[in-house]
Amino acid sequence: MFAAERRQLILEMVRANGAVSLRELARVVQTSEVTVRRDVRALEAEGLLDRRHGGAVLPGGFTRESGFPQKSHLATAEKTAIADLAAGFVEEGEAIVVGAGTTTQELARRLARVPGLTVVTNSLLVAQALAHANRVEVVMTGGTLRGSNYALVGSGAEQSLQGLRVSRAFLSGSGLTAERGLSTSNMLSASVDRALVQAAAEVVVLADHTKLGTDTMFQTVPTDVITRLVTDEPPGHDDRAATELQALADQGVQITVAGGAAAAQGQGGAEGTPAADRRGPRREVPLPGQRRSHPTAGPGAAPQLRTTPLTADPQGGRVADLAPRRR
């Protein structure tokens, strides 16, 4: 494929989806991420798109929301890794809320195995994933169906959540920054997500690395309300994503990072070996893109990611918790 053909295809993908990762672009145009990065730079210079953390978005700073068919094919391996890890935070007999989104749909598929669980959701896709789980009770909100993401929104959904109290809320969104927190492109979805947050003692955000640093129109969860972020392992060259993660950690967000695509596909650890739980044996492994501390680092040095010990996740991948920098 000639460069002009590649760039036209890249531009069409970004226009169709709103935001696309370099990894996905490279897969579709069948070339390396290095080549795709050059193409994205060239298109940005022409004002046709904007570069973001490990990907490209529509120009103008705020990305528009993609429809479900487009979202379901983006960062699938990363979403699987995030869902595998997030499911480990849910215990038997809990009552939780799960918001709408393709990542939360992946989480719901894994929650079907948790006995005694009660899941409150405004997502038809989450409810469908749990419909045949005989030990999980599903409670749907009211509201008006929003067809683009199969979610119930509006005053009916919000009113049905009044007086509700659960242990955790699991939410996704269109973008996440340390400055504004989680955001989405649709006002009605944002309003319901805020109601879901008010019902929960803790808020867990599920967001793959392509959403880090992306800002969209309507804030749903301020950074100081987010208890934990579960994300995937950013590419080693993505220093901006590492900086954003550290900024979130510095504001008190507990950040848990799953292994990359290989781990999500069962290639990140010894297959068939017993998985360690969160209290099991631990080992130190640096995050990709992490810079090791240097005693001579000056005031202008880039932020240093600090990690707590790692442990195997239930799928054989690796996870890491980021801790705030000591001041």
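As the structure is a prediction and not an experimental result, all values here were calculated from the model.

What should I look at first to understand the overall build of the protein in this one?
Assigned secondary structure in the protein consists of eleven helices and 18 strands. Across the 327 residues of the protein, 52% fall into the buried class. A fraction of 67% describes how many contacts in the protein between residues 6 or more apart in sequence connect residues 24 or more apart. With an accessible surface of roughly 14800 Å², the protein has 50% of that area assigned to carbon and sulfur atoms.

Can you help me understand the pattern of salt bridges in this one?
Two side chains carrying opposite charge are able to pair once their charged atoms lie near each other. Following the criterion strictly, the structure yields eleven salt bridges and no others. Arginine 6 serves as the salt-bridge partner of aspartate 39, at 2.7 Å between the closest nitrogen and oxygen. In this pair, aspartate 39 sits in helix α3 (residues 33–45) while arginine 6 sits in helix α1 (residues 3–17), placing the two residues 33 residues apart along the sequence. For arginine 6, a relative accessible area of 13% gives the class buried.

Explain the nonpolar core here, please?
In a soluble, globular protein the nonpolar side chains are often hidden away together inside. Leu176, Val205, Leu212, Val221, Leu229, Leu248 and Ile255 are the most contacted members of the largest nonpolar core, which totals 30 residues. Of all the secondary-structure elements, those providing two or more residues to this core are β9 (166–171), α9 (187–198), β12 (200–206), α10 (239–250) and β15 (254–258). Setting aside residues no more than four positions away along its own chain, valine 221 makes contact with Leu171, Arg180, Gly181, Leu182, Val197, Val203 and Ile226. Counting 25 residues, the second largest nonpolar core, distinct from the first, contains Ile82, Leu107, Leu130 and Val230.

Explain the pairing of β12 to me, please; I cannot follow it from the model alone.
Counted residue by residue, β12 has five buried out of seven residues, so it is predominantly covered. In the sheet, β9 pairs with β12 via five bridges, with the strands oriented parallel. Bridge pairing links alanine 169 to valine 203 in β12. Sheet topology places β12 next to strand β14 (residues 228–232); three bridges connect them, and they run parallel. Counterpart to leucine 206 in the pairing with β14 is valine 230.

Just to check I follow, could you spell out the sheet that holds strand β2 (residues 50–52) for this structure?
Think of a sheet as strands paired side by side through backbone hydrogen bonds, with each pair either parallel or antiparallel. Reading across from one edge, β1-β3-β2 is the order of the three strands in this open sheet, with antiparallel pairing throughout. Each edge of the open sheet carries a strand with a single partner, namely β1 (19–21) and β2. Here the average twist between neighbouring strands, direction ignored, is 25°. Inspection of the sheet shows β1 paired to strand β3 (residues 55–57) by three bridges, in the antiparallel sense. Note on β3: the bridge partner recorded for valine 20 is alanine 56. Running at roughly 75° to β1, helix α2 (residues 22–29) makes contact with β1 and β3 of the sheet.

Here is what the cut-offs are and how they apply
Residues numbered from 1 in each chain as written. Predicted model: local features only at pLDDT ≥ 70, side-chain atom pairs only at ≥ 80, totals over all residues. Heavy atoms only, no water. Helix = DSSP H or I, 4+ residues; strand = E, 2+ residues; numbered from the N terminus. Buried < 20%, exposed > 50% of the residue type's maximum accessible area, 1.4 Å probe, protein only. Contact = heavy atoms within 4.5 Å. Areas by Shrake-Rupley, 256 points an atom, 1.4 Å probe, with all protein chains shown as cover. Salt bridge = Lys/Arg side-chain N within 4 Å of Asp/Glu carboxyl O. Core = buried A, V, L, I, M, F, W, Y, C linked by side-chain atoms within 4.5 Å. Pairing = 2+ DSSP bridges. Axes fitted to C-alpha atoms, helices over the stretch in contact; angles between N-to-C directions.

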